[in-house]
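Listed below are the residues making up each chain.
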Amino acid sequence: MLAASRNLIAHHFTPLSLGKTPKSHYFFRPVRSSRYFRIVQSQTQPVRTSSTARVPSRNPNVIDILEERGLLESVTSQEIRSASSNPSLNPLRVYCGFDPTAESLHLGNLIGIIVLSWFHKCGHKVVALIGGATGRVGDPSGKSVERPDLDEETLAKNVLGIQKTLDTIFSRGQDLNLHVGSGGAVTILNNYDWWKDFKLLDFLREVGKFARVGTMIAKESVKKRLNSDEGMSYTELTYQLLQGYDFLHLFKNEGVKVQIGGSDQWGNITAGTELIRKILQIDGAYGLTFPLLLKSDGTKFGKSESGAIWLSPSMLSPYKFYQYFFSVPDADVVRFLKILTFLSMEEIEELEEGMKKDGYVPNSAQRRLAEEVTRFVHGDEGLLEALNATEALRPGAETKLDSRTIEDIAEDVPSCALSYNEVLNTSLVDVSVSSGLLSSKSAARRLLKQGGLYLNNRRIDSENKVIEEDDIVEGKVILLSAGKKNKMVIRLS
């Protein structure tokens, strides 16, 4: 069974370049880059990439890789490029924060995990910070209203869920005999550990007096809220100082030199570099932001009709996760391959060129994207589950269905319960209506004539078809399909 599963996965995709090692170690396929963008520094604005000035590099470093793949928005100093590849310097220690606003991370958080992974692959030390303390305040960045307060029990549950997700993704790998970065184990910390005993008067004396109010309210995330009807509470205003102190604490006690985050985190990140410079009177702290995950039309990528694209399988099945990426528009798929996978740029260019050729099979690039991202987040087992469910739900598929496969997909498609006697020896037309798959017998007959009604993926042409004992999978369930998209799982009791 295990061998067959591996064969199915191997048939569907080229493995993502992750390797199996002890806990919290993982491998990535080396990337050969031939062109990079120059970063132009500004005294008052974030350092942003320029698409016109390019410089060659003999030894691509992590900043070059992120830049070429569209994962670099801004940096606080050009020095981060040399600091990340200077052989005479120690590897950088880099962190990204994840506030426990829900029990699972979502697709927007995945870019932070991927950027951390690129740093790790290039030999740097990586820290994932869970905001057990900052999550009690709520980051106002990108929010039009204040986040609702979370009770202690919910926060604790969320912290554990996020810790599990981070540990699982960073630890997962396969034996692919690939190059290993020297980054060592990924460290997962909780900022509540140093905030829980920090007294307000100490905070005001040690941190608050170094913060300039004018600078704080000039932050873009603050200005937008101050000019809105909602306004901003003092609690939210202090969030940037809390995150800034996190950076200072990690810089001082853990040797962390770089904080990364989405573009909406620029103000919070620079608050940290400023505190380090003022309080510790030391240079060498860097900030880096990556773009928010947007579609080509400017809308957020990471929401489905039913809500957020969660990374935890308990909140979103691997099948639905896979299907979300499989449905990416052609206009976005190449960019998402660069941002969300570890495929080499050469492989991605080949996929892009293939999309332009005659005979291109629609959604082939999307299939590769879905396979790579699903495997990174959910592992081989999750990808196999997604592929099995995808095959099981394809009308006309030759794969023999079993009750377990149908039950697995029942969470992702409509289902109902009917008694055994209501179904056995009853016409398919009647069952299609009584189950709720179709609205009327006339609609069912019309679909039959068009060849669009399926029983357990088998197309039915006869209007006189009745449900026989052999049609009930293992005496438990039936899968009906009206066309390719509308499904109904019927559980028999």
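Scroll up a little and you will see the structure.
Parameters and conventions
Residues numbered from 1 in each chain as written. Predicted model: local features only at pLDDT ≥ 70, side-chain atom pairs only at ≥ 80, totals over all residues. Heavy atoms only, no water. Helix = DSSP H or I, 4+ residues; strand = E, 2+ residues; numbered from the N terminus. Buried < 20%, exposed > 50% of the residue type's maximum accessible area, 1.4 Å probe, protein only. Contact = heavy atoms within 4.5 Å. Areas by Shrake-Rupley, 256 points an atom, 1.4 Å probe, with all protein chains shown as cover. Salt bridge = Lys/Arg side-chain N within 4 Å of Asp/Glu carboxyl O. Axes fitted to C-alpha atoms, helices over the stretch in contact; angles between N-to-C directions. Parallel < 35°, antiparallel > 145°, perpendicular 65-115°, else oblique. Left-handed = near helix turned anticlockwise from the far one by under 90°. Nonpolar A, V, L, I, M, F, W, Y, C, P; charged D, E, K, R; others polar. Patch = residues over 30% accessible without salt bridge, like charges linked within 9 Å, V, L, I, M, F, W, Y side chains within 5 Å. Core = buried A, V, L, I, M, F, W, Y, C linked by side-chain atoms within 4.5 Å. Lys, Arg positive; Asp, Glu negative; His and termini not counted.

Draft legend 1. Examining the overall build of the chain more closely. From N to C terminus, the chain includes 20 helices and 15 strands. Split into buried and exposed, the 493 residues of the chain put 51% on the buried side. In the chain, 74% of the contacts between residues at least 6 apart in sequence involve partners at least 24 apart. Of the accessible surface of the chain, which amounts to about 23900 Å², a share of 48% is contributed by carbon and sulfur atoms.

Draft legend 2. Expanded view of the pattern of salt bridges. Taken as a whole and judged by the stated rule, the model has 19 salt bridges. Salt-bridge contacts for Lys356 lead to Glu353; the nearest nitrogen and oxygen are separated by 3.5 Å. In this structure Lys356 comes out as exposed when scored by relative accessible area, which is 58%. Look at Glu353 and you get partly exposed, because its relative accessible area is 41%. A salt bridge links Asp380 to Arg375; the shortest N-O distance between them is 2.4 Å. Among the residues examined, Asp380 registers a relative accessible area of 11% and is labelled buried.

Draft legend 3. Region of interest: the packing of helix α14 (residues 330-340) against helix α16 (residues 364-392). Where α14 contacts α16, the two axes come as close as 10 Å, and the packing angle between them is 30°. Considering the angle they form, α14 stands roughly parallel to α16. When you trace α14 past α16, the crossing you get is left-handed. Residues Asp330, Val333, Phe336, Leu337 and Leu340 of α14 touch α16, and the partners they reach there are Ala365, Gln366, Arg368, Leu369 and Val373. Class assignment of the residues belonging to the contact of α14 with α16 gives a composition of 7 nonpolar, 1 polar and 2 charged.

Draft legend 4. Focus on a nonpolar patch on the surface. A cluster of nonpolar side chains, Leu200, Leu201, Leu204 and Tyr234, forms an exposed patch at the surface whose accessible area comes to about 470 Å². No other element matches helix α7 (residues 200-206), which puts 3 residues into the nonpolar patch. Assignment of secondary structure puts Leu204 in helix α7.

Draft legend 5. Focus on the nonpolar core. Counting 69 residues, the largest nonpolar core has Leu110, Ile113, Phe119, Ile260, Phe325 and Leu340 as the members making the most contacts within it. Those residues in contact with Ile260 that sit more than four places away from it in its chain are Val94, Tyr95, Cys96, Gly112, Val115, Leu116, Phe119, Ile269, Leu288 and Phe290.

Draft legend 6. Representation of the environment of Lys125 within the structure. By the secondary structure assignment, Lys125 is in strand β5 (residues 125-130). With 31 residues separating them in the primary sequence, Lys125 and Val94 have C-alpha atoms 6.1 Å apart.

Draft legend 7. Broad picture of the side chain of Asp246. The topology assignment puts Asp246 in helix α11 (residues 239-254). There is no salt bridge for the buried Asp246, and the closest opposite charge comes from Arg136, which lies 11 Å off by N-O distance. Not counting residues within four places of it along the chain, the set of residues in contact with Asp246 comprises Tyr95, Leu129, Thr134, Asn191, Trp194 and Trp195.

Draft legend 8. Region of interest: the environment of Val62. For Val62, the location among the structural elements is in helix α2 (residues 62-68). As a C-alpha pair, Val62 and Trp118 span 56 residues in sequence and 6.5 Å in three-dimensional space. Contact partners of Val62, with chain neighbours within four places excluded, come to Ser84, Trp118, Phe119, Cys122 and His124.

Keep in mind these numbers describe shape, not what the thing actually does.
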